[in-house]
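What follows is the residue order along each chain.
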Amino acid sequence: MRFPNPVRHLRLMRMSRLFGETLRATPAEADSVGHGLLLRAGYIRGVAPGILSYLPLGLRTSAKIEAVVRQELDSIGAQEVAMPLVQPARLRRAAGRTHGEEQVHFSDRAGRDLLLGTSHEEVAAELARSDITSYRQLPATLYQIRPTFRDELRPAAGLLRAREFDLMDCYSFDRDRAGLDERCESMRAAFERVFRRVGLADFIVTSSELDGEIEDEFYLLSDVGDDSLAVCDGCRYVANLRAARF
């Protein structure tokens, strides 16, 4: 006598109750192939230009990717924190920076200038200033995975250039430049492992000098990407056009 597979039956029941229908046709809002596929498969739904809702399949996929990122960052000694989405504008001004057009700037009912944080360098520096009291506590590496909002002029390609998205940013505090360089190398290796584990092994890593600093960037070639690379088939030189040398 053959018995039904209870695991398979449970999966069928879950799929039958899954929120988010698949679509026969690509919605008019899709501006790239990938965006259209995510909409049709029931992973995301558009709310406004560049603002999306993640349906159960999309959220589960995002959570799995985040778990891989956390495992690799934890493995090199980074520690996760959660810094606030809203931050006082005075921190940015004290660092000699002003908010750009992509950053939302507003005042609360008491008239305090506030920003929606698009990155958290100043907040991370405040944490380090208050909690690191000795060089013996160094190195210290903090990271977070948090929703952020950037008022993109032309949001496009679904998740690729959304206005609201999850940002992973990481901040390292070291005793000297040698320690910083060592931390950068371990971070680069960690993200090479992340990309391979999530099935994106055909990435390109470029290293270039911008404003006196070495900048490493990871790229996946795409027709709907928002950046450009200079590639030499002869010597295999690859660089962002902003920093390419000819």
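First, a word on what this report is: a plain description of the structure on this page. All values derive from a computational prediction rather than experimental measurement. (Residues numbered from 1 in each chain as written. Predicted model: local features only at pLDDT ≥ 70, side-chain atom pairs only at ≥ 80, totals over all residues. Heavy atoms only, no water.)

**Describing the pattern of salt bridges**
Then, in step 1: All chains considered together, the criterion is met by 14 salt bridges.
Then, in step 2: Ionic pairing is found between arginine 129 and glutamate 126, a salt bridge with its closest N-O pair at 2.2 Å. A residue pair is termed a helical-turn pair when its members lie 3 or 4 positions apart in one helix, as arginine 129 and glutamate 126 do in helix α5 (residues 121-131) at three residues. (Salt bridge = Lys/Arg side-chain N within 4 Å of Asp/Glu carboxyl O. Helix = DSSP H or I, 4+ residues; strand = E, 2+ residues; numbered from the N terminus.)

**With respect to the packing of aromatic side chains**
Then, in step 1: Counting across every chain of the model gives three aromatic pairs.
Then, in step 2: Consider the rings of phenylalanine 195 and phenylalanine 203, whose centres lie 5.4 Å apart with planes at 40 degrees: the pair is tilted.
Then, in step 3: The class for phenylalanine 203 is buried, based on a relative accessible area of 13%.
Then, in step 4: Pairing phenylalanine 203 with phenylalanine 218 gives two aromatic rings, centres 5.6 Å apart and planes at 55 degrees, and the pair type is tilted. Of this pair, phenylalanine 203 sits in the loop between α6 (177-197) and β9 (204-210) while phenylalanine 218 sits in strand β10 (residues 213-219), and the two are 15 residues apart along the sequence.
Then, in step 5: The partly exposed category is assigned to phenylalanine 218, whose relative accessible area is 26%. (Phe/Tyr/Trp six-rings, centres within 6.5 Å; stacked < 30°, edge-to-face > 60°. Buried < 20%, exposed > 50% of the residue type's maximum accessible area, 1.4 Å probe, protein only.)

**What to know about the side chain of serine 119**
Then, in step 1: Turning to its location among the elements, serine 119 is positioned in the loop between β6 (113-116) and α5.
Then, in step 2: According to the relative accessible area criterion, serine 119 is buried, its value standing at 13%.
Then, in step 3: A polar atom in the side chain of serine 119 sits 2.6 Å from the side chain of glutamate 121.
Then, in step 4: The residues touching serine 119, leaving out its near neighbours within four places in the chain, are Gln87, Arg97, Asp169 and Tyr171. (Polar contact = N/O pair within 3.5 Å; in protein donor to acceptor, adjacent residues only side chain to side chain. Contact = heavy atoms within 4.5 Å.)

**Brief notes about the sheet that holds strand β7 (residues 140-149)**
Paired through backbone hydrogen bonds, the strands of a sheet run either parallel or antiparallel to each other.
Then, in step 1: Taking strand neighbours across the sheet as the criterion, the three strands line up as β3-β7-β8 in an open arrangement whose pairing is mixed. Two strands lie at the open edges of the sheet, namely β3 (79-80) and β8 (164-173), each paired on one side alone.
Then, in step 2: Pairing of β3 with β7 involves two bridges; the strand directions are parallel. Each residue of the ladder has a partner; that of glutamate 80, found in β7, is tyrosine 143.
Then, in step 3: The sheet strands contacting helix α3 (residues 56-75) are β3, β7 and β8, and the helix crosses β7 at an angle near 165 degrees.
Then, in step 4: Along the sheet, α5 contacts β7 and β8; its crossing angle with β8, the most-contacted strand, is approximately 40 degrees. (Pairing = 2+ DSSP bridges. Axes fitted to C-alpha atoms, helices over the stretch in contact; angles between N-to-C directions.)

**Some thoughts on the side chain of arginine 92**
Then, in step 1: Residue placement: arginine 92 occurs in helix α4 (residues 89-94).
Then, in step 2: Despite its burial, arginine 92 pairs with no opposite charge; the closest candidate is glutamate 122, at 4.1 Å N-O.
Then, in step 3: Those residues in contact with arginine 92 that sit more than four places away from it in its chain are Arg97, Thr98, His99, Gln103, Leu115 and Glu122. (Lys, Arg positive; Asp, Glu negative; His and termini not counted.)

**Side note on the sheet that holds strand β5 (residues 105-107)**
Then, in step 1: The three strands lie next to each other as β4-β6-β5, forming an open sheet whose pairing is antiparallel. Each edge of the sheet is formed by a strand with only one pairing partner; in this case those strands are β4 (86-88) and β5. Averaged over all pairs of adjacent strands, the angle between their axes in this sheet comes to 40 degrees, without regard to strand direction.
Then, in step 2: Relative to β6, β5 is paired through three bridges, and the arrangement is antiparallel. Of the residues in β6, the one forming a bridge with phenylalanine 106 is leucine 114.

**A short note on the packing of α3 against α6**
Relative placement of two packed helices is described by the angle separating their axes and the distance separating the axes.
Then, in step 1: Where α3 contacts α6, the axes come no closer than 9 Å and their chain directions differ by 150 degrees. Here α6 runs roughly antiparallel to α3, going by the angle between their axes. Handedness of the crossing formed by α3 with α6: right-handed. For the pair formed by α3 and α6, the contact residues are Val68, Val69, Gln71, Glu72, Leu73 and Ser75 on the first element and Met187, Ala190, Phe191, Arg193, Val194 and Arg197 on the second.
Then, in step 2: Along the lines of polarity and charge, the residues of the contact of α3 with α6 split into seven nonpolar, two polar and three charged. (Parallel < 35°, antiparallel > 145°, perpendicular 65-115°, else oblique. Left-handed = near helix turned anticlockwise from the far one by under 90°. Nonpolar A, V, L, I, M, F, W, Y, C, P; charged D, E, K, R; others polar.)

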